[in-house]
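# Examination of the molecular architecture
Take a look at the letters that make up each chain.
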Amino acid sequence: MKYMSILEVLLVFKLVLYVNGGRPCASMSFGDSSVVCVCNTTYCDTLDPLRMPAKGSYILYESSKSGKRLESTTGPFIKSIQDSGLKFTFNVDKKYQRIKGFGGAVTDSATVNILSLTKEAQENLLRSYFSEDGIEYNVIRVPMASCDFSLHVYTYADSPDDFDLKNFSLAKEDVEMKIPLIQRAISMSKRPISLFASPWTSPAWMKTNGDVSGKGTLKGAAGDKYHKTWANYFVRFLDEYAKYNLTFWAVTAENEPTAGMITDYPFQCLGFTPEMQRDFIALDLGPALKNSAHKDVHIMILDDQRLLLPYWAKVVLSDMKAAHYINGIAIHWYMDEFVPAGITLSTTHKLFPEYYLFATEACTGFLLYGKGVQLGSWERGNQYSEDIIKDLNNYVTGWTDWNIALDLKGGPTWVENYVDSPVIVDTAKDTFYKQPMFYHLAHFSKFIPEGSQHVGLDSPEKSKLETVAFLRPDGAATLVVLNQAHADVKFVIWDPEVGYINAVSHADSIQTYVWRRS
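Attention in this report is confined to the structure presented alongside it. Here the structure is a predicted model, which is why all the values come from computation and not from measurement.

### A look at the side chain of Asn 417
Looking at where Asn 417 falls in the secondary structure, it is placed in the loop between strand 14 (406-407) and strand 15 (423-426). The buried category is assigned to Asn 417, whose relative accessible area is 19%. At 2.8 Å, the side chain of Asn 417 and the side chain of Asp 148 are in polar contact. At 3.4 Å, the side chain of Asn 417 forms a polar contact with the side chain of Lys 371. Ignoring sequence-local partners within four residues, the contact set of Asn 417 consists of Asp 148, Phe 149, Phe 267 and Lys 371.

### What about helix 10 (residues 378-392)?
Here helix 10 is 15 residues long and its end C-alpha atoms lie 21 Å apart, about the 21 Å a rise of 1.5 Å per residue gives. What helix 10 keeps buried is the set Trp 378, Arg 380, Gly 381, Asn 382, Tyr 384, Ser 385, Asp 387, Ile 388, Ile 389, Asp 391 and Leu 392. Capping of helix 10 at its N-terminal end is provided by Ser 377; its side-chain oxygen lies 3.2 Å from the backbone amide nitrogen of Arg 380.

### Examining the pairing of strand 5 (residues 87-98)
The pairing of strand 5 with strand 20 (residues 489-495) spans three bridges and is classified as parallel. Following the sheet pairing, Phe 88 is matched in strand 20 by Ile 493.

### Quick notes on unusual backbone geometry
Residue Pro 310 is bonded to the preceding Leu 309 through a cis peptide linkage, with omega at 5°. Within the secondary structure, Pro 310 sits in the loop between strand 10 (298-305) and helix 7 (311-317). The step from Gly 411 to Pro 412 runs through a cis peptide bond, and the omega angle for that step is 5°. In this fold, Pro 412 is placed in the loop between strand 14 and strand 15. Phi is positive for Asp 161, which is not a glycine, with a value near 60°. For Asp 161, the location among the structural elements is in the loop between strand 7 (139-144) and helix 4 (172-188). Despite not being glycine, Leu 165 has its phi angle at roughly 55°, a positive value. Structurally, Leu 165 can be placed in the loop between strand 7 and helix 4.

### Re the state of the cysteines
Each disulfide consists of a covalent bond between the sulfur atoms of two cysteine residues. Here the structure, examined in full by the defined rule, presents two disulfides. A sulfur-sulfur separation of 2.1 Å characterises the disulfide bridge that pairs Cys 25 with Cys 37. An S-S torsion of about -105° defines the bridge between Cys 25 and Cys 37 as left-handed. One end of the pair, Cys 25, is in the loop between helix 1 (6-20) and strand 1 (27-28); the other, Cys 37, is in strand 2 (residues 36-39), with twelve residues separating them in the sequence. Each member of the pair Cys 25 and Cys 37 is classed as buried. Each sulfur of the disulfide joining Cys 39 and Cys 44 lies 2.2 Å from the other. The sign of the 65° torsion about the S-S bond sets the Cys 39-Cys 44 disulfide as right-handed. The same class applies to Cys 39 as to Cys 44, namely buried. What links to what in the protein: the bonded cysteines, counted in sequence order, pair as 1-2, 3-4. Looking at the unpaired Cys 147, the closest cysteine sulfur is the one in Cys 363, lying at 11 Å. Of the residues examined, Cys 147 reaches a relative accessible area of 0% and is grouped as buried.

Cut-off values and rules
Counting of residues starts from 1 at the beginning of each chain's written sequence and follows it residue by residue. Only residues with pLDDT of 70 or above have their local features reported here, since the model is predicted, and side-chain atom pairs are shown and tallied only from 80 upward, although totals for entire chains, interfaces and linings are computed over all residues. Hydrogens and waters are ignored; side-chain quantities use all the structure's heavy atoms. Only DSSP runs of H or I covering at least 4 residues are called helices, and only runs of E covering at least 2 are called strands; the numbering of each starts at the N terminus. Note on classification: 1.4 Å probe, protein chains only; a residue is buried when its accessible area is under 20% of the maximum for its type, exposed when over 50%, partly exposed between these limits. In protein, a polar contact means a hydrogen-donor-capable atom and an acceptor-capable atom, both N or O and within 3.5 Å, with residues adjacent in sequence counting only if both atoms are side-chain atoms; elsewhere, any N or O pair within 3.5 Å suffices. Contact between two residues is taken to exist if any of their heavy atoms lie within 4.5 Å; hydrogens are not considered. Under the convention used throughout, the expected extent of a helix is 1.5 Å for every residue step, that is, one less than its residue count. Paired strands, in this sense, are two strands between which DSSP finds at least two bridges. Cysteine sulfurs are considered disulfide-paired once they come within 2.5 Å of each other.

Structure, rendered in structure tokens:
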């Protein structure tokens, strides 16, 4: 293994500070295509808070397969160029969706891994995600009770026929693990953090199959006591978290509702057709939230694969009684390669422009080939960035990763559904590894804050580069450039308000450019 020791990092620190800012990556190779950055109790790479250069200059952050991790350089705009070649024009006359944000899920498995570290290492991990010297996540997904990334199966109301939810109570996983970690994340963030919750299953006694897994739906029909009780379960969850001063921006009506329509589905699920979800929201969930202390909590439909769009949205949102309660449409990424974003996402936006699109789950390593963790995989980072760019170019307002931390195997998971994560914890060494995926995510989460607006980026010719541009709330511009090719690509950025940047997108790299416009 190639490894830069902590001592070596400190010896070269002064030499690289002018490009890196903060503390540089302590890199280690596990033999994959790129490196991880090693963090422990005493050391972790950090970023300086973004300091916007004066108008007429830009700052560039770059990460690469060769080992760069958010290395920063500055340069000047120029007033004219002779031969532009490939040119991207920053066009604020074309305005699209505003951004909600970026983040990940605080699952039971993630908290088990984080809490297995010593307090100092825990702090470094949480700061890496949520602080100003980290990548500044501002969205957290919270599973309502257990999911596949739990150590055991539980709900909050397992007592049979408890229609009044008298025995409803949070689990120790909430009270002792998830809630304290979320509170710590919020306390170290300079940005407001938005929480959203998703249920995997109702209690088994509410389901047609009497089991939290497998093919099963809620008993009865929308409007009956089972559906009313399930809707009140959401309210009780929000009530209990509010006691810990944690309020939620949104809930999704159900995680992957199509999973519960599959025979022998292996872990927690609850089946809904779009018609069933429409009626449940119209008659039960919508009224329950509106008549509670949580009337401003958003409801997102679907929370499943985008290939179900626009059909699912048409069924649910064409009913005015249901649509009245709904704010957004949540999507997962697992089948994105089967259907273009334009056909699903842009079409849905054009049909229902008043409802936002929001990406709520993604992970790598979920397929049978390449399953689990690959330490240092640059290609998995590319997959994230490519998907994020396509989503953002098709009206999606934010993007949420799955588990924020897993172990070396990609768990723990009670159903052995091992996957990968941007942060991998090695408990035995009191160490965690920040994967290339982590830095790919940073190129968006760090520099595209909530309220940023997607704007046009015009180019008369096609290229191998994948790009997306934003106007930030502070008036600055942000441009992300992904190059998955194995060769450098020269290009020019033109902002009519400022001038030209002569740029090079290096082979196998991702770049973020930020500059003042006034």
